[in-house]
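So the chains spell out like this:
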Amino acid sequence: MNEIEMAVSGLAIDDRTHTPVVLLKEKAGGGRMLPIWIGPSEASAIAIELTGRKFQRPLTHDLLKTIIEGLNARVPRIAIVDLRDKTYYARVFLERDAELLTIDARPSDCIALALRTGSPIFVREDLLRNEDPLDEMTSEQTMEKLQKQLEEMDPDEFGKLWT
C-alpha cells in the first residue's frame, strides 16, 4: 500500500458531537485531508505542542519522548495504517541501532508523539478523502473555540474528560 506524508493542519471541535477533531492534510499540497475524531486529553496534548506551551513537569508524550531518547532510539515515522469499524489504527516506528520495531498505538497518541519528536506522519493512501471533511464547520471558528477551552483549563485537568 502507498502511504502519503501528512501534516497537522489544525484542531477543531465537531459542532454536532462536541468532539475534538485533528485534521491531517497532505503535505505535498494535493488537498486531501483526513479528519480523526479524538479524545479531549489527546486534543490537549496535540494543542499544547502546536501552540508551544511548556510546563514545569513533563506531560505523558513528553515523558515518552524522553524515554525513547534515553534508550538511544528514535521515531523515524508514524503511520495511520487501517480503518476498521469507524476506528483508525496507527503504528509508531521505533528505531534503535539496526532494529526497527512497530508499536500499535492510537492515531492521536502517534500524532502527539510525532509533533514532539519531529517525526513525519504518514497515512495509507486509500484512507484519504478529497472533499472537505468538516463541511459544516469553519476550522477557524472551531480552532478558536478549542483554543479558548484549552486556555481556560487548569493543567491539572488535562487528561480528564471534558463535559
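Residues numbered from 1 in each chain as written. Predicted model: local features only at pLDDT ≥ 70, side-chain atom pairs only at ≥ 80, totals over all residues. Heavy atoms only, no water.

What should I look at first to understand helix α3 (residues 107–117) in this one?
Every α-helix carries 3.6 residues per turn, so stepping three or four residues along brings you back to the same face. Among the 11 residues that make up α3, 8 are buried, leaving the element largely enclosed by the rest of the structure. Within the span of α3, buried status applies to Pro 107, Ser 108, Cys 110, Ile 111, Ala 112, Leu 113, Ala 114 and Arg 116. At the exit of α3 stands Gly 118, carrying a positive phi of roughly 70 degrees. (Buried < 20%, exposed > 50% of the residue type's maximum accessible area, 1.4 Å probe, protein only. Helix = DSSP H or I, 4+ residues; strand = E, 2+ residues; numbered from the N terminus.)

Help me out: how do you make sense of the side chain of Asp 14 in this one?
Mapped onto the secondary structure, Asp 14 falls in strand β1 (residues 3–14). A polar side-chain atom of Asp 14 sits 2.8 Å from a polar atom in the side chain of Trp 37. (Polar contact = N/O pair within 3.5 Å; in protein donor to acceptor, adjacent residues only side chain to side chain.)

Explanation requested: the packing of aromatic side chains in the structure shown.
Here the distance between the centres and the angle between the planes together describe a pair of aromatic rings. According to the stated counting rule, one finds 0 aromatic pairs in the structure shown. Across from the ring centre of Phe 122, 4.9 Å away, lies the NZ or CZ of Arg 77, which sits over that ring. The ring of Tyr 89 carries the charged tip of Arg 84 above its face, separated from the ring centre by 3.8 Å. (Phe/Tyr/Trp six-rings, centres within 6.5 Å; stacked < 30°, edge-to-face > 60°. Lys NZ or Arg CZ within 6 Å of the ring centre and 35° of its normal.)

Teacher, can you tell me more about the packing of helix α2 (residues 60–70) against α3 here?
If you want to describe how two helices pack, look at the angle between their axes and the distance between the axes. In contact at an axis separation of 9 Å, α2 and α3 are set at 60 degrees when each is read in the N-to-C sense. As judged from the angle between their axes, α2 and α3 are oblique. The interaxial crossing formed by α2 with α3 has right-handed handedness. Along the contact surface, α2 presents His 61, Asp 62, Leu 64, Lys 65 and Ile 68, while α3 presents Asp 109, Ala 112, Leu 113, Arg 116 and Thr 117. Residues belonging to the contact of α2 with α3 are distributed by class as follows: 4 nonpolar, 2 polar and 4 charged. (Axes fitted to C-alpha atoms, helices over the stretch in contact; angles between N-to-C directions. Parallel < 35°, antiparallel > 145°, perpendicular 65-115°, else oblique. Left-handed = near helix turned anticlockwise from the far one by under 90°. Contact = heavy atoms within 4.5 Å. Nonpolar A, V, L, I, M, F, W, Y, C, P; charged D, E, K, R; others polar.)

Don't take any of this as a statement about function, it's just geometry.
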